[in-house]
Amino acid sequence: MILVTGGAGFIGSNFVLDWLAGGGEPVVNVDKLTYAGNPANLASLSGDARYRFAQADIGDQAAMEAILAEHRPRAIVHFAAESHVDRSIHGPGEFVQTNVVGTFRLLEAARGHWLALPAAEKEAFRFLHVSTDEVYGSLSETDPAFSETTAYAPNSPYSASKAGSDHLVRAYHHTYGLPTVTTNCSNNYGPYQFPEKLIPLMIANALEGKPLPVYGDGRQVRDWLYVGDHCEAIRMVLARGRTGEVYNVGGNAEKRNLEVVHALCDTLQEMRPREGGYRGLVTYVADRPGHDRRYAIDARKIRAELGWAPRETFESGIARTVRWYLDNAAWVAQVRSGEYRHWIEKNYEKRA
Ligand code: NAD
Ligand code: TYD
């Protein structure tokens, strides 16, 4: 079996669902269930004997060791993290704790597990670390895209803590020989994304006729990748990636934030027309401190070595995503109750 951390979050739950739908071997999902972890994302697996859940913190090394001893996975796919830049600005401590210290504890537990494996299993074992393009910092409009050899220059507590985890993973390969692989991916979107992130936040606000809060001038650029394409890249790297290597993953879809918001408004207008349209809801609000201007990914390595390329275009991915949010209003309502309200007050009240 394989062990997934953070499988109740956005990308992790998409990964587990796709993995099992594709006939993959059993999965044990280790998740602390923070505000971002939602067992409802995996409700369709209830009763599926191939799926096991363990509620635990990756920073609890003894718990990780016990789970590894019980399940003896042949691979660990590590998604668990604090993942939202704006939250890292309000409270960086949790980011250091989970992303840096938690990854360290998990690596220690994984190293012990790996060392005790028989030779053939030891050789085949993989620790796949899921990371972000944000570790490379910010590009100008004319800079070349991030490659695997771009120097790290993280600018937010989130990206700095992910960079720290990437360095630890690298060191565990270099020093101890742990068979690691790392992926650095651009901005994902798709089903089950928590509506604190740009795309689901804008969809949810638009459907309620609320303002669409664009930070600063809205001209910041991100590369966008449909989550299913990211999950396929991770499967390919797990199966055939070279140990000790890093693979950049991107959608070849650089967009300004305002372009993304307009695309969402126009797609919503087609699927759920509103009198006067949605674009008029766009509201400029105070910028994010230290806001990175542009991210772009050079994904030539994973394409050349593993034959991966995204299946969705930005347009097809956005259409699928908007359709999913329209069809899953109950999921959105559930995750927007409780803690979510406090976050919205904290992040947006002083921005207006
Ligand atoms: P998410 O915030 O939606 O989910 C994170 C999951 O990790 C949640 O289920 C949460 O409960 C769990 N978790 C948090 N702290 C934990 C801990 N201490 N122990 C165990 N579980 C814990 O995040 P996501 O968007 O799905 O991102 C998953 C991974 O992919 C992260 O490592 C992130 O850095 C990386 N990534 C995300 C994006 C993106 O656009 N979302 C892009 C590139 C890379
Ligand atoms: P986000 O989804 O938080 O991802 P990241 O910061 O990791 O790239 O934000 C994507 C972009 O959208 C980023 O440039 C910040 C911007 N943004 C807004 O303009 N308004 C918002 O309310 C949010 C959440 C993000």
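Residues numbered from 1 in each chain as written. Chains lettered and ligands numbered in written order. Predicted model: local features only at pLDDT ≥ 70, side-chain atom pairs only at ≥ 80, totals over all residues. Heavy atoms only, no water.

## Section: the site of ligand 1
Stated formally: Near residues are defined by distance, with any heavy atom within 4 Å of the molecule or strand qualifying the residue. Pairs of N or O atoms are called polar contacts if they sit within 3.5 Å, as long as, within protein, a hydrogen donor faces a hydrogen acceptor (for residues adjacent in sequence, only side-chain-to-side-chain pairs). Working definition of accessibility: Shrake-Rupley area with a 1.4 Å probe, residue cover restricted to the visible protein chains. The numbering of helices and of strands both runs from the N terminus, where a helix is a DSSP run of H or I of at least 4 residues and a strand a run of E of at least 2. Each residue is assigned to one of three groups, with Ala, Val, Leu, Ile, Met, Phe, Trp, Tyr, Cys and Pro labelled nonpolar, Asp, Glu, Lys and Arg labelled charged, and all others, Gly among them, labelled polar.
Looking at ligand 1, there are 28 residues lining it, with I11, D31, S83, Y158 and K162 nearest. Within the backbone of F10, a nitrogen or oxygen atom sits 3.0 Å from an oxygen atom of ligand 1. One nitrogen or oxygen atom from the side chain of D57 is found 2.9 Å from a nitrogen atom belonging to ligand 1. Protein contact buries 97% of the 840 Å² of open area that ligand 1 shows by itself. Of all the elements in the fold, those that place two or more residues in the shell around ligand 1 are α1 (10–21), β5 (126–132), α6 (157–176) and β7 (187–189). Examining the composition of the shell around ligand 1, we find that three residues originate from one element, β5, more than from any other. Taken together, the residues of the shell around ligand 1 break down into 13 nonpolar, eleven polar and four charged.

## Observations regarding unusual backbone geometry
Negative phi values dominate among residues other than glycine, just as trans dominates among peptide bonds. Let me state the cut-off plainly: Exposure is judged per residue with a 1.4 Å probe applied to protein chains only, and the accessible area is read against the type maximum: over 50% gives exposed, under 20% gives buried, and values in between give partly exposed.
A positive phi angle is found at R72, which is not glycine, with a value near 45°. Relative to the assigned elements, R72 resides in the loop between α2 (61–71) and β4 (75–78). Residue class for R72 comes out partly exposed when judged on its relative accessible area of 45%. One non-glycine residue, N252, lies in the positive phi region at around 55°. Position of N252 among the secondary structure elements: in the loop between β10 (246–249) and β11 (254–256).

## Considerations on the layout of surface pockets
Let me state the cut-off plainly: Here the term cavity refers to a set of points on a 1 Å grid, laid over the protein atoms alone, in which a 1.4 Å probe fits but cannot get out; the term pocket refers to an open set having protein on both sides within 12 Å along at least five of seven lines, with lining residues being those that place an atom within 4 Å of a point. Grid points are joined across faces, edges and corners, and a volume is the space filled by probe spheres set on the points.
The computed volume of the largest pocket comes to approximately 550 Å³. Lining of the largest pocket is provided by 26 residues; of these, A204, N205, E208, K210 and R336 occupy positions nearest its centre. At the level of elements, α7 (198–207), β12 (282–285), α11 (314–327), α12 (329–335) and α13 (339–348) are the ones that each hand at least two residues to the lining of the largest pocket. The residue inventory of the lining of the largest pocket, partitioned by class, reads 17 nonpolar, three polar and six charged. By volume, the second largest pocket is sized at about 310 Å³. Surrounding the second largest pocket, 16 residues form its lining, D166, R170, G244, E245 and V246 being those nearest its centre. When residues of the lining of the second largest pocket are traced back to their parent elements, those giving at least two are α6 and β6 (180–185). For the lining of the second largest pocket, the class distribution of residues is five nonpolar, six polar and five charged.

## Overview of the sheet that holds strand β3 (residues 51–55)
Condition: In this analysis, strands are considered paired if DSSP registers two or more bridges between them. Axes here mean lines fitted to C-alpha atoms, for a helix over just the part in contact, with angles spanning 0 to 180 degrees between N-to-C directions. The contact definition used throughout considers only heavy atoms, calling two residues in contact when any of these lie within 4.5 Å.
One open sheet accounts for seven strands, arranged β3-β2-β1-β4-β5-β6-β10; its pairing is parallel. Two strands bound the open sheet, and with one partner strand each, they are β3 and β10. Averaged over all neighbouring strand pairs, the angle between strand axes comes to 20°, with direction disregarded. By the bridge criterion, four bridges tie β6 to β10 in an arrangement that is parallel. Bridge assignment links T182 to a residue of β10, and that residue is V246. Seen against the sheet, helix α4 (residues 93–115) touches β1 (2–5), β4 and β5 and runs at an angle of roughly 165° to β5. Set on the sheet, helix α8 (residues 227–240) makes contact with β4, β5, β6 and β10; between it and β5 the angle comes to about 145°.

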